[in-house]
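# Structural characterization, general
Each chain, written out:
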Amino acid sequence: MKKVSDLHAREIFLPEYLKAVEDLAYQYAAPPGNVLRALLPFSLIHKLPEHVRAEKKGTERTQLPVYAYEAPFEERLETYTGIIRSTFAKGGSVYVIAPTIEEVHLLYERLQKGIEHRSFLFTSAVPSKEILARWKTASTSTEPVLACMTSSFLALPRNDLELIILERESARTHRGLARPFLHAADSITALGKHMRATVMFADEVLSVVTRARVLSGAYEAFEELRPRLRNTDHIHILDIRRD
């Protein structure tokens, strides 16, 4: 047994992340512990290293807008590449969240070119020992990082987080399968609010909810939304009466 005064509390989450958890708990009418369990691979909680809080930037960031971006996949990748480089130049880190492990791996392979030493991949397919090593390196790096992940790794503690991208935001797999059935879009919005980071929802065809929020002014269109789907197919009308 140990005296209570001898115990040392481990700080593994940023205060801003815990505030986002509180917001989600209120939104989903769920206990904060249940929300935290849904947001993190629970088998890693007792293994995560204590983070070292880096110095904040000298200027206080204001609340930034939420963008909605609609474009084909290759065009989105080109845009992400440019935004990541410009965010790095300003001293900010970037998180890119995709709905499936396969998509996270694809994004990582395409986006990490040229910045391999500052890019990290986090999915449940990676062995826990390797996850912990990457987590420690990514969270303590003195340079901005790119982290490609599923939403269960959003707790990665980076004080310099400037941009969170939700790729293929209309995918149903962004919603959790167990209570409280959190949606990644809500988790990212809450984290962006408290970290004062830019949030971008992107897809080839945005969800009806996201489009409605753009029209209401809650979100901003990164580029003008398409009024209708692009049709690249050629239509041939055949007369079945002819041979």
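Whatever comes next refers back to the structure up there.
Residues numbered from 1 in each chain as written. Predicted model: local features only at pLDDT ≥ 70, side-chain atom pairs only at ≥ 80, totals over all residues. Heavy atoms only, no water.

Glancing now at the pattern of salt bridges. Between side chains of opposite charge, pairing is possible as soon as their charged atoms come close. Here the structure, examined in full by the defined rule, presents 7 salt bridges. The partner of arginine 168 in a salt bridge is glutamate 103, with the nearest N and O atoms 2.5 Å apart. Taken as a pair, arginine 168 in the loop between β5 (161-167) and α6 (184-195) and glutamate 103 in helix α4 (residues 101-111) lie far apart in primary sequence, 65 residues in all. (Salt bridge = Lys/Arg side-chain N within 4 Å of Asp/Glu carboxyl O. Helix = DSSP H or I, 4+ residues; strand = E, 2+ residues; numbered from the N terminus.)

Okay, the sheet that holds strand β7 (residues 220-221) next. Sheet strands pair by backbone hydrogen bonding; their relative direction is either parallel or antiparallel. Strand order in this open sheet of 7 strands is β3-β4-β2-β5-β6-β1-β7, and the pairing throughout is parallel. The open sheet has two edge strands, β3 (119-122) and β7, and neither has a second partner. As judged from the 5 bridges shared by strand β1 (residues 66-70) and strand β6 (residues 198-203), these two strands associate in the parallel manner. Along β6, the bridge assignment pairs glutamate 70 with aspartate 203. Packed on one face of the sheet, α6 meets β2 (93-97), β5 and β6 and runs near 170° to β5. (Pairing = 2+ DSSP bridges. Contact = heavy atoms within 4.5 Å. Axes fitted to C-alpha atoms, helices over the stretch in contact; angles between N-to-C directions.)

Take the side chain of serine 207 next. Relative to the assigned elements, serine 207 resides in the loop between β6 and α7 (208-216). Within polar-contact distance, the side chain of serine 207 engages the side chain of threonine 210 at 3.0 Å. Contact partners of serine 207, with chain neighbours within four places excluded, come to Glu169 and Ser170. (Polar contact = N/O pair within 3.5 Å; in protein donor to acceptor, adjacent residues only side chain to side chain.)

The subject of this paragraph is the pairing of β2. The side chains of a regular strand alternate, first on one face of the sheet and then on the other. Of all the 5 residues making up β2, 5 are buried; the element is thus mostly covered by neighbouring parts of the structure. Judged by which residues are buried, β2 turns out to be covered on both faces: Ser93, Tyr95 and Ile97 on one side and Val94 and Val96 on the other are all buried. Taken together, the 4 bridges between β2 and strand β4 (residues 146-149) define a ladder with parallel strand orientation. When the sheet's bridge partners are listed, isoleucine 97 is paired in β4 with methionine 149. (Buried < 20%, exposed > 50% of the residue type's maximum accessible area, 1.4 Å probe, protein only.)

Here the focus is the packing of helix α3 (residues 73-89) against α4. As a packed pair, α3 and α4 sit with axes 10 Å apart at the nearest point and diverge in direction by 55°. With respect to α4, the element α3 is oriented oblique. Considering the relative orientation of α3 and α4, their crossing is right-handed. Residues Phe73, Glu74, Leu77, Tyr80, Thr81, Ile84 and Arg85 of α3 touch α4, and the partners they reach there are Leu106, Leu107, Arg110 and Leu111. Here the residues of the contact of α3 with α4 sort into 7 nonpolar, 1 polar and 3 charged. (Parallel < 35°, antiparallel > 145°, perpendicular 65-115°, else oblique. Left-handed = near helix turned anticlockwise from the far one by under 90°. Nonpolar A, V, L, I, M, F, W, Y, C, P; charged D, E, K, R; others polar.)

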